[in-house]
Amino acid sequence: MCNAWRLKILALIIITYSSSRVTCYELRVTIFRYVIMKINFSGDVKPFMTRTILSFALFFLLLSPPGAWGTDILGPEVRVANNEIAVSTGLSLDDKNLNDLKNGISKEITFYIDLFRVWKAWPDEFIAGKKIVKTLKSDPIKKEHIATSLDGSTLIEKRFKSFDSMLIWALNIKDLKLAHVKELQQADYFVRVTVESRLRKLPPVIGYLLFFVPEKDFKVMKDSPALPVGSEK
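Please read all numbers here as calculations on a predicted model, not as lab measurements.

Calculation rules
- Residues numbered from 1 in each chain as written.
- Predicted model: local features only at pLDDT ≥ 70, side-chain atom pairs only at ≥ 80, totals over all residues.
- Heavy atoms only, no water.
- Helix = DSSP H or I, 4+ residues; strand = E, 2+ residues; numbered from the N terminus.
- Contact = heavy atoms within 4.5 Å.
- Areas by Shrake-Rupley, 256 points an atom, 1.4 Å probe, with all protein chains shown as cover.
- Buried < 20%, exposed > 50% of the residue type's maximum accessible area, 1.4 Å probe, protein only.
- Phe/Tyr/Trp six-rings, centres within 6.5 Å; stacked < 30°, edge-to-face > 60°.
- Lys NZ or Arg CZ within 6 Å of the ring centre and 35° of its normal.
- Salt bridge = Lys/Arg side-chain N within 4 Å of Asp/Glu carboxyl O.
- Pairing = 2+ DSSP bridges.
- Axes fitted to C-alpha atoms, helices over the stretch in contact; angles between N-to-C directions.
- Core = buried A, V, L, I, M, F, W, Y, C linked by side-chain atoms within 4.5 Å.

Right, let's talk about the overall build of the chain for a bit. When its secondary structure is counted, the chain shows six helices and 10 strands. Residue pairs at least 24 apart in sequence account for 67% of intrachain contacts in the chain once pairs closer than 6 positions are excluded. Carbon and sulfur atoms provide 57% of the accessible area of the chain, an area that totals close to 13400 Å².

Moving on: unusual backbone geometry. Residue Pro 76 follows Gly 75 across a cis peptide bond; omega there is -5 degrees. Not every positive phi belongs to a glycine, and Asn 82 is a case in point at roughly 55 degrees. With respect to the helices and strands, the residue Asn 82 is situated in the loop between strand 1 (72-81) and strand 2 (84-92). Residue Asn 82 is classed as exposed on the basis of its relative accessible area, which comes to 75%. Phi is positive for Lys 143, close to 60 degrees, though the residue is something other than glycine. Position of Lys 143 among the secondary structure elements: in the loop between strand 4 (125-139) and strand 5 (144-151).

Here we take up the packing of aromatic side chains. According to the stated counting rule, one finds three aromatic pairs in the structure shown. Taking 5.8 Å as the distance between ring centres and 70 degrees as the angle between the ring planes, the aromatic pair formed by Phe 116 and Phe 126 counts as edge-to-face. Here Phe 116 is found in strand 3 (residues 107-117), whereas its partner Phe 126 is found in strand 4, with 10 residues between them in sequence. Cation over ring: Lys 134 sits above Trp 169, and NZ or CZ is 5.3 Å from the ring centre. Looking at Arg 192, its charged tip hangs above the ring of Phe 116, at a distance of 5.1 Å from the centre.

This part takes up the environment of Ile 156. Topologically, Ile 156 is positioned in strand 6 (residues 154-160). Residue classification places Ile 156 among the partly exposed positions, given a relative accessible area of 39%. Taking the C-alpha atoms as reference points, Ile 156 and Lys 134, separated by 22 residues in sequence, lie 9.5 Å from one another. Those residues within four positions of Ile 156 in sequence are excluded, and the remaining contacts are Ala 147, Thr 148, Ser 149 and Trp 169.

A separate point is the pattern of salt bridges. Two side chains of opposite charge can pair, provided their charged atoms sit close to one another. For the structure on display, the rule yields seven salt bridges. Between Glu 157 and Arg 159 there is a salt bridge whose closest N-O contact spans 3.9 Å. A single salt-bridge network, built from bridges that share partners, covers Lys 96, Asp 100 and Lys 107.

Pairing is antiparallel across the open sheet formed by three strands, whose spatial order is 1-2-7. Here the strands that pair on one side only, and so sit at the sheet edges, are strand 1 and strand 7 (172-180). The mean inter-strand angle of the sheet, taken between neighbouring strand axes irrespective of direction, is 20 degrees. Two elements, strand 1 and strand 2, share eight bridges in a ladder whose sense is antiparallel. By the bridge assignment for strand 2, Ile 73 is matched with Leu 91.

This part takes up the nonpolar core. With 34 residues, the main nonpolar core has Leu 91, Leu 93, Phe 111, Ile 113, Leu 167 and Val 195 as its most contacted residues. It is strand 8 (residues 187-199) that contributes the most residues to this core, five residues altogether.

Before going further, it helps to examine the pairing of strand 5. In summary, the side chains of a regular strand alternate between the two faces of the sheet. Looking at chain direction, strand 4 and strand 5 are connected through eight bridges and run antiparallel. Looking at the pairing, Val 133 lines up with Leu 150 of strand 5. Hairpin remark: strand 4 followed by strand 5, antiparallel, with four residues in the connecting loop; positive phi at Lys 143, about 60 degrees. Bridge count for strand 5 against strand 6 is seven bridges, and the pairing is antiparallel. Note that in strand 6 the partner of Thr 148 across the bridge is Glu 157.

Structure (structure tokens):
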């Protein structure tokens, strides 16, 4: 098969998976870079074909920027309870990610919940943080839904009868303790929540044809309003 036909196939893959929202943004970036590489090292590709392929690839690359389609962080809500800073937050998935889960694609979703001190003349100072890793998996044939939560060394696994109940448990965090107020200097603080998702299992066809695709699905970030806390030292 000549290089020109290989480029046609790559362009077709870009159009198919990008327009149908089957794959993630990083997949389109990887394919686009691969197309560029093939064009640079292919001597028998006509200029017109090169321009056509690049135009289609760039169009579908820019069509869906990272974090698109409605995936969003809920909150974060920050309050002081029993002299401790407590954070409640969650994640709302878009239709594409929900369909991925329903179709049997398991996901690993990592929450980074960090406390920062606000400085006017200096960069905001990192104070404390926690990392919580959630995994979600649904079996559309067995109608089985399994989720795990890893907080430090504590691993919890649960099985659910319904898809929605799994989402509620796995994608919501309630009153997570970050720091004790008496250990903080009096100042304004805020909480930054960063959520990353990775595909733990790619669809067989995509995994076979595009084994070089990175598994990062999306990354979103959101800050809470500033909260004055702390004590005089």
